[in-house]
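Spelled out from the first residue to the last, the chains are:
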Amino acid sequence: MPTPLNRSPLLSASLALLLALALSYYYYHHLIIASPSTSTHPTSPPLNPVETSTMSGTIPSMEGSHIALKENTIIVVLGASGDLAQKKTFPALFTLFKQGYLPKDVHIVGYARTKMDLAEFHRRQTVYIKGKEDAEIKKKLDEFTALSTYVAGAYDQDPPFQVLTKHLEEIEAKYKDNEANRIFYMALPPSVFTTVATHLKTNSYSTKGHNRIIIEKPFGKDLDSCREMMTALKAVWTEDETYRIDHYLGKEMVKNLLVLRFGNAALTPSWDKNSISNVQITFKEPFGTEGRGGYFDEFGIIRDILQNHLLQVLSILTMERPVSFSAEDIRDEKVKVLRAIPPVAREDTLLGQYVGANGKPGYLEDDTVPKGSVCPTFAATTLWIHNPRWEGVPFILRAGKALNEAKVEIRIQYKDVTQGIFKDISRNELVIRIQPNEAIYIKLNLKTPGMATRAMPTEMDLTYKRRFADALIPEAYEALILDAIHGDHSNFVRDDELDVAWKIWTPLLHWIEGKQGTPPKPEPYPYGSRGPSRLDAYIAKYGYKRTDRSYSWPVTNVSSL
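Residues numbered from 1 in each chain as written. Predicted model: local features only at pLDDT ≥ 70, side-chain atom pairs only at ≥ 80, totals over all residues. Heavy atoms only, no water.

Stated precisely, the cut-off is as follows: UniProt positions are given in the numbering used here, feature names are shortened, and annotations may be inferred rather than shown by experiment.
By the naming in an unreviewed UniProt entry, the protein chain is Glucose-6-phosphate 1-dehydrogenase, taken from Calocera viscosa. Under the Catalytic activity (unreviewed entry) heading, UniProt states for the protein chain: "D-glucose 6-phosphate + NADP(+) = 6-phospho-D-glucono-1,5-lactone + NADPH + H(+)". Quoted verbatim from the Function (unreviewed entry) heading of the UniProt record, the comment on the protein chain is "Catalyzes the rate-limiting step of the oxidative pentose-phosphate pathway, which represents a route for the dissimilation of carbohydrates besides glycolysis. The main function of this enzyme is to provide reducing power (NADPH) and pentose phosphates for fatty acid and nucleic acid synthesis."

Below is the structure:
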C-alpha cells in the first residue's frame, strides 16, 4: 500500500501559496472592485471592467447590509482651508466625482475660519489635484468646483453654524423630494473635535435624512484623554453615525489582508505559533520633521504611527475568522485579539532619535522642536498575544523618521525546517509590501539551477504593477470616503477598539514622557540610516534570522553562488 507523503503544513502552504494568492486577488480585484457604471451614483465601488454576474468569488456579507446615500446628499468639509483638506480630502472627493462614485447631484460645502471669496476657495480646493493641464480633467474640475461652495465661520459659536445650516437648506430646497442627507468631514485638529461635533448636532443636523460624521485621528493622547473625547462625542453622535478614519485601513494591501487570510486554505495550516517564528510590521520614512517638529514633538512616533496604523494592521493580521465580513463581525474579532495583548513592556522597547548626517539636520536642529527634547523619532516595540493561536510569537512593530528608505511592510518569518538534512538553510518568509509598489511574495528554498545540488533562497513574487498592469488602485482616502457614503463601517475604528488600543500603549507613553520617573533617553542614529545601531541585535533577540547575505530580491545572480 503506498505510503502517504510526510509533508509539513508549512511546506504544503509554501508550495500552494502563490497560486492561491493570485487566484484570490484575481477574484477580489475583479469582483469586489469592478468597473464604474455609467450611473452617477453606483452602489458599489467598482474599478475594473469585468462583468460580475458571470464570475465567482463574491462576498455576500459585504453586500446589501449598509444604507448607501445615492442622492440628495451634501458633503460638508470642516477645516476646508487646512492642509489635510487641500492635500487629501478634496483630491479624494474629486477623484470619486470624476469616476462617478459620488451621490447623484452631490454638493460640497467647505467651512473654516478663514475669510475668503469663492474664487479663492476653489483655488485652494484644487491646488493639489493632479493633471489639471489635461482637457478632460480640466472639464471635470470645472464641474467639480461648480458644485462646491464655501461658508466662513468660527468653530466655537452657534451663530456661524446657523449660517452654515441656512446655506445647506438653500441647496436642499432644490431637491425633488423631502430627503436631505448630510456628511460632515472633520479635517480639523483634535482640540476642536468635540466642540465642532456638538455645534453640528445642535445647529446643522438634518431631520429629514441620514447624518454621518467622519473624524480624523488622533483620538486623544492616552487612555484618559481618549475616553474623555469619546464620551463627549457619543453624547451627541451615535456610534452608527460616527466614522473614525485611520487611513491605513483604506490602503489596498491592508484591505486585501481579509481575503488573503480567510480566502486561502493553503495559508490556514501555517498561520499560527506552530509554524511562525516572528512577525515584523515596519514603517520607514526617509525624511525628518521638516519644520513640523513642534507638532510631532507633542505626539511622537508611537502615537503618530504605532498606536494606530501599525496596530490596526496587526489586528487584521492576527484576528480569528469572523462569522461574516459584515462590519461588526470584523470589528468584534479585532477587539478580541487586541484584548489579548498586554501593555507594551519597557524591556521590549528600543527608542531612537535622529541626528544630523549626510548634509541633513538632526531632530534637535529643527527650530520648531523644544530644546533638549527626548521625544523618540524611532521606536521598535515587541507585542505578545496571549491566546492559543499566537502564544509565544513576538510581533515587532517598528517605525521611524529620517531613515534610509520609504517602506511599509509586513514580514512573517517561519520557523527553521527540521534539522538533519540541511545546514544553514534560510527560513521561509511571507512578505506583504503595503507601500510603495504593492506586492506579496514568499521566500522559498529551491535547488540551485544547474548541475550542483544545493539549496538557495528565492521567491514566488506577486507584484501588483506587473500582475495587474491595468488596475486602478484607489488612494486610501478615496476608498474610505466611499465606504462612508455607502454606510460601511468595516474599515473604520470602533470606540471599544480605541479603548483597548490605548490600554496597550498608555503605560509606555507615560514612561517616555517622564510621568513615571526619569524619561528614557533615545539612542541617536544618523539621518539616512536604518535606525539605532542596536536594531539588529534587538530583532535578533526575538528570534529573527536574517536571510543568506547572497540573497537579493527579485533577481539572483546564480554565477555568484
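Let us keep going from here.
Looking at helix α13 (residues 495-512)
The condition is simple: Numbering of helices and strands runs from the N terminus; a helix is a DSSP stretch of H or I covering at least four residues, while a strand is a stretch of E covering at least two. Here the expected span of a helix is defined as 1.5 Å times the quantity of residues minus one. Axes are fitted to the seven residues ending at a residue and to the seven starting at it; the angle between these axes is taken as the bend at that residue. Using a 1.4 Å probe on the protein chains alone, a residue whose accessible area is under 20% of its type maximum counts as buried, one over 50% counts as exposed, and one in between counts as partly exposed.
The end-to-end C-alpha separation of α13 is 25 Å, in line with the 26 Å expected for 18 residues at 1.5 Å each. Most pronounced at Trp505, the bend in α13 amounts to some 40°, and the proline Pro507 follows within four residues. Among the 18 residues that make up α13, 15 are buried, leaving the element largely enclosed by the rest of the structure. One or two residues past the end of α13 sits Gly514, with phi positive at roughly 80°.

So, the environment of Arg124
Selection rule: Contacts between residues were defined by any pair of non-hydrogen atoms, one from each residue, lying within 4.5 Å.
By the secondary structure assignment, Arg124 is in helix α3 (residues 118-126). Assessed through its relative accessible area of 22%, Arg124 is described here as partly exposed. For the pair Arg124 and Asp83, spaced 41 residues apart in sequence, the C-alpha to C-alpha distance is 9.6 Å. Residues contacting Arg124, with those up to four places away along its chain left out, are Ser81, Gln86, Thr114 and Met116.

With respect to a negative patch on the surface
We count it as follows: The patches described consist of residues with a relative accessible area above 30% and no salt bridge, like charges being joined within 9 Å and nonpolar side chains (Val, Leu, Ile, Met, Phe, Trp, Tyr) within 5 Å. In this description, accessible areas are obtained by the Shrake-Rupley approach with a 1.4 Å probe, and a residue is regarded as covered only by the protein chains that are shown. Salt bridges are identified by distance alone: a Lys or Arg side-chain nitrogen within 4 Å of an Asp or Glu carboxyl oxygen. Here the positive residues are Lys and Arg and the negative ones are Asp and Glu; neither His nor the chain ends is included. Here the site of a charge means NZ on Lys, CZ on Arg, CG on Asp, or CD on Glu.
There is a patch of like negative charges on the surface, built from Glu71, Asp105, Asp177 and Glu179. Structurally, Asp177 can be placed in the loop between α5 (158-172) and β4 (181-186).

So, the sheet that holds strand β14 (residues 455-463)
Our working definition: Strand pairing is assigned whenever DSSP detects at least two bridges linking the two strands. Only the stretch in contact is used when a helix axis is fitted, and all axes are lines through C-alpha atoms; the angle between N-to-C directions ranges over 0 to 180 degrees.
The 9 strands are arranged β14-β13-β12-β11-β7-β10-β9-β8-β15 in an open sheet whose pairing can be described as mixed. Of all strands in the sheet, those bounded by a partner on one side alone are β14 and β15 (523-526). Between one strand and the next, the sheet's axes are offset by a mean angle of 20°, whatever the strand orientation. Where strand β13 (residues 439-447) lies against β14, 9 bridges are found, and the strand directions are antiparallel. Bridge pairing links Leu446 to Met456 in β14. Strands in contact with helix α8 (residues 252-262) are β11 (407-414), β12 (429-435) and β13; relative to β12, the strand with the most contacts, it is inclined by about 145°. Seen against the sheet, helix α9 (residues 293-318) touches β7 (276-284), β9 (378-383), β10 (395-400), β11 and β12 and runs at an angle of roughly 145° to β10.

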